[in-house]
Amino acid sequence: MIPYVQSAASQEVPPPYHFPGVTVNAFLWEAQLAPIQAYADRYLNLGSAEERGFTYKACAFWPYAMLLFIDYPVMISASRTSEYVLQATPYSDRGIVTQREVFVALPLMRYGYGLKGLVLDTTLEWALPFIVVEQPMSAICGREMLGLEKLKAEIKLGEGVFPDSFAGSVTLPGWTSLTQGELQKQLPFLEVTTGPAAPTFRGTANQESFWTLLRSRTASDLIDGLGTLSDFVDTISLGTMPTAMRTISLKQFRDAAQPEKAVYQALISCRSKYSAIQNIVFYKEPDVSITFHDEGSFHGILKVFLKLPDPDAEVAPTGRSYSFQPKAAYRFNANIDFDEMRTVHTFTPVFPGAAGGPSVPGQLLAPRLRPWQGFFRRPGP
Amino acid sequence: MTAFIDSFATQQLLPPWRARGVRTWGFAIRLDRERVEAYLEKYFNGGYPDRAPYRYEPLPGPQFGLFTVADVPEVASHNPGTLQRLGANPVGWDALSYLELYLGIPVLRRTVTPDKLLVDPKLVWVQPFVFCNNPTAVFSSREIWGTDVNLATMTREAGPDPAHLHIDTAMVGIKAFSPRSITQLLACVHIQTGDVASADLPTMLKANPDLERFVSILGGSGVFADHAPPAGVGESPFQQGVELDNLKQFRDCFDMGAAIYRAIVASKSSHSEVDNIVFFDPAQVDIDFLWSDSIAEVLKTIFGAQKPGPVGPPAGHVRNSPPATVDEVDWDLDSIPIKAELAFSFTSNVDFEVIGTLYTYGAPR
């Protein structure tokens, strides 16, 4: 193992993390499978299926993109060991970080290669092609440790015009046009506004909303019970039932002298486990407006998870804004634990035996089967 | 190596790049030899478990470092890859601006031969810390050539004299470590110049002869390129002096104490069209660090500083705890003044390029 030498100037706090009392505003819309598959092929399905042992495919049974605005009032380092900071104060004793994060999540199925792989290694994971944070430290940790392609953004979250509504926006450094030498500037990327949480007399008629499906007392009780249920399921199944979001990302670094080459490329999976889910409320989706800005340097990423209605947008950035209503919009509070960071597969080990080196059996194994792994594993030397 | 897969989040400033119209301020400060040595031992000379075939040592004699502030109004990549990315219909995803503050220390790098002889001494610079206010520049620096940059909020006060400098740097940190402390935007460094020096450089060097060799090193490093060096700048005792060596390293996602990649990367910056050289009266230069637990480690290990008494922030700033908004810088901190021995400013164009990866730890030989 090559030790990482913690810099005295470093402000990073490595995962795992515990986030109590998080507020999540979620928005779902129908995504196109072809660009999602193209994204998976470009960033996850590198090399041949036989070599890597799996293939990521877009989920035909859940063709939705999910936009999350997450407000973390408290971020606590949940590392049980403090040796990474040498003699300094352990991260968990330094204090807490407040954080805001916005991302678009796309569901992908990872199918194992061959019959055995198909049975043992097949699982659902989420790609995050767009993720922004407001804390510099969070961006650096996400990029350098986990391969999450976090960008530093200005994120505004809060109540909209009406009480109990939501308004959020993201601005990012970018370039507006296709003019060589144009200077980078802070540009609007995304805005979301909603009406008040349902039920409400404001906005469109209640019966036009997806929310009305959940108006019955039975449905309401069921939603309230979901948080408890997820904990219960997790407890009785010893983790064999997936109750958490597992992300998959390509962690890669450029060579210094040949930046078009990578000195390291690996797929990293992490778990965001939601617990104590409560206060679930729905917004009437016809009253929700999601607006993305098709600026020069934003164009490519928008095409991954959004069907831009303008024919001009097929070939080049239009500089226009596109607004639409989601299929569903809701808010809830939860505790989130971010942990279980794993190297699923390494494409470019720097050298044999390096940390995070070639994938080994078990890292590909579907999470639902991991508790049984030790039971059936052949005795080691 | 395999091809790097470009993405939305890696629209980076690929080297080489060229910055135009850069205004640079340099402040020579005195350092302690043992601390420079400890820094080099920790980051460059250790066994990990293999040792690089280089030995980094402090220069002989008095130790100096150079605090540098750079106001870069426009920098753009000249990398062929960027140009290819721009394609037949070139897009301008390469031009940006930033402010930067760093400490550079000139040190001696010797090659270690297989029979453990130290040969080929070469003067190179190392940077224990860097602050920059542009995320794209920060991600590029950290992820490509390995500079240990922190993203900061930097405010430069504009004045009638373009050479005058008042810059404040703040970063998100924690004032006093405690499980209940909360991160804030904390003031970190304050730098302000005063009057232009009334004495010329030879007179200043005569009053502070320890500086003579450091100034000649600056001359050898290209600070006065394309320009007759000011009177008093002698010939550098070292033939080189433009190379910057960084430790580029990334953690493993599972074992955060392990590195999946660790290498020494060499790069160089070259100044051209140097102009508007101004020397300031060092006695009127204020360099103040603001003590917080988040930067205490740097202050202790590089400057040997200890937690100050309740002296408050530097002149021109007042305690404002708590700040009115979360975006406002908290100045309710105590300052640690650092004495400038020499202060100057100049304008130039700067070309930056990566020389190469000198050594990759753990790679088979």
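Residues numbered from 1 in each chain as written. Chains lettered and ligands numbered in written order. Predicted model: local features only at pLDDT ≥ 70, side-chain atom pairs only at ≥ 80, totals over all residues. Heavy atoms only, no water.

The tally for this structure, following the rule as stated, stands at zero disulfides over all chains. Just so you know, Cys141 of chain A is unpaired, no disulfide at all, and the nearest cysteine sulfur is the one on Cys270 of chain A, 12 Å from it. Cysteine Cys188 of chain B shares no disulfide, and the gap to the nearest cysteine sulfur, in Cys132 of chain B, comes to 14 Å. In this structure Cys188 of chain B comes out as buried when scored by relative accessible area, which is 1%. (Disulfide = S-S within 2.5 Å. Buried < 20%, exposed > 50% of the residue type's maximum accessible area, 1.4 Å probe, protein only.)

This part takes up a nonpolar patch on the surface. Residues and elements named next belong to chain A. A cluster of nonpolar residues, Tyr111, Leu115, Leu118 and Val119, forms a patch on the protein surface that exposes about 400 Å² of accessible area. Per element, the largest residue contribution to the nonpolar patch is three residues, and it comes from helix 3 (residues 114-120). Topologically, Tyr111 is positioned in strand 4 (residues 97-112). (Patch = residues over 30% accessible without salt bridge, like charges linked within 9 Å, V, L, I, M, F, W, Y side chains within 5 Å. Areas by Shrake-Rupley, 256 points an atom, 1.4 Å probe, with all protein chains shown as cover. Salt bridge = Lys/Arg side-chain N within 4 Å of Asp/Glu carboxyl O. Helix = DSSP H or I, 4+ residues; strand = E, 2+ residues; numbered from the N terminus.)

Residues and elements named next belong to chain A. Most of strand 12 (residues 289-293) sits inside the fold, with four of its five residues counted as buried. When strand 9 (residues 185-193) meets strand 12, the two strands line up antiparallel, connected through four bridges. Bridging from a neighbouring strand, Leu190 pairs with Phe292 of strand 12. Two strands pair when backbone bridges link them, and strand 12 and strand 13 (residues 321-324) are joined in this way by four bridges, in the antiparallel orientation. Within the sheet, the bridge partner assigned to Thr291 lies in strand 13 and is Ser323. (Pairing = 2+ DSSP bridges.)

Our next topic: the interface of chain B and chain A. Facing 85 residues of chain B, the contacting portion of chain A comprises 82 residues. Interface area for chain B against chain A, summed over the two sides, is near 7400 Å², with a carbon-plus-sulfur share of 59%. Taken together, the links from chain B to chain A amount to four salt bridges. The salt bridge partner of Glu12 of chain A is Arg142 of chain B, with a shortest N-O separation of 3.4 Å. Summed over the shared surface of chain B and chain A, the number is 33 residue pairs in polar contact (both at pLDDT 80 or more). (Contact = heavy atoms within 4.5 Å. Buried area = accessible area lost by both parts, 1.4 Å probe. Polar contact = N/O pair within 3.5 Å; in protein donor to acceptor, adjacent residues only side chain to side chain.)

Attention now moves to the sheet that holds strand 9 of chain A. Residues and elements named next belong to chain A. Strand order in the open sheet formed by five strands is 7-8-9-12-13, and the pairing between neighbours is antiparallel. Across the chains shown, the open sheet's two edge strands, defined by having one partner strand only, are strand 7 (154-158) and strand 13. The sheet shows a mean angle of 15° between the axes of neighbouring strands, taken without regard to direction. Alignment of strand 8 (residues 167-174) against strand 9, held across eight bridges, turns out to be antiparallel. Paired with Leu172 across the two strands is Leu187, which belongs to strand 9. (Axes fitted to C-alpha atoms, helices over the stretch in contact; angles between N-to-C directions.)

Before going further, it helps to spend a moment on the sheet that holds strand 9 (residues 166-173) of chain B. Residues and elements named next belong to chain B. One open sheet holds the five strands; their spatial order is 8-9-10-13-14, and the pairing between them is antiparallel. Sheet topology places strand 8 (153-156) and strand 14 (335-337) at the edges, where each strand pairs with a single neighbour. For this sheet, the mean inter-axis angle between neighbouring strands, taken without regard to orientation, is 25°. Bridge count for strand 9 against strand 10 (residues 184-192) is eight bridges, and the pairing is antiparallel. Within strand 10, the position partnered with Val172 by the bridge is Leu185.

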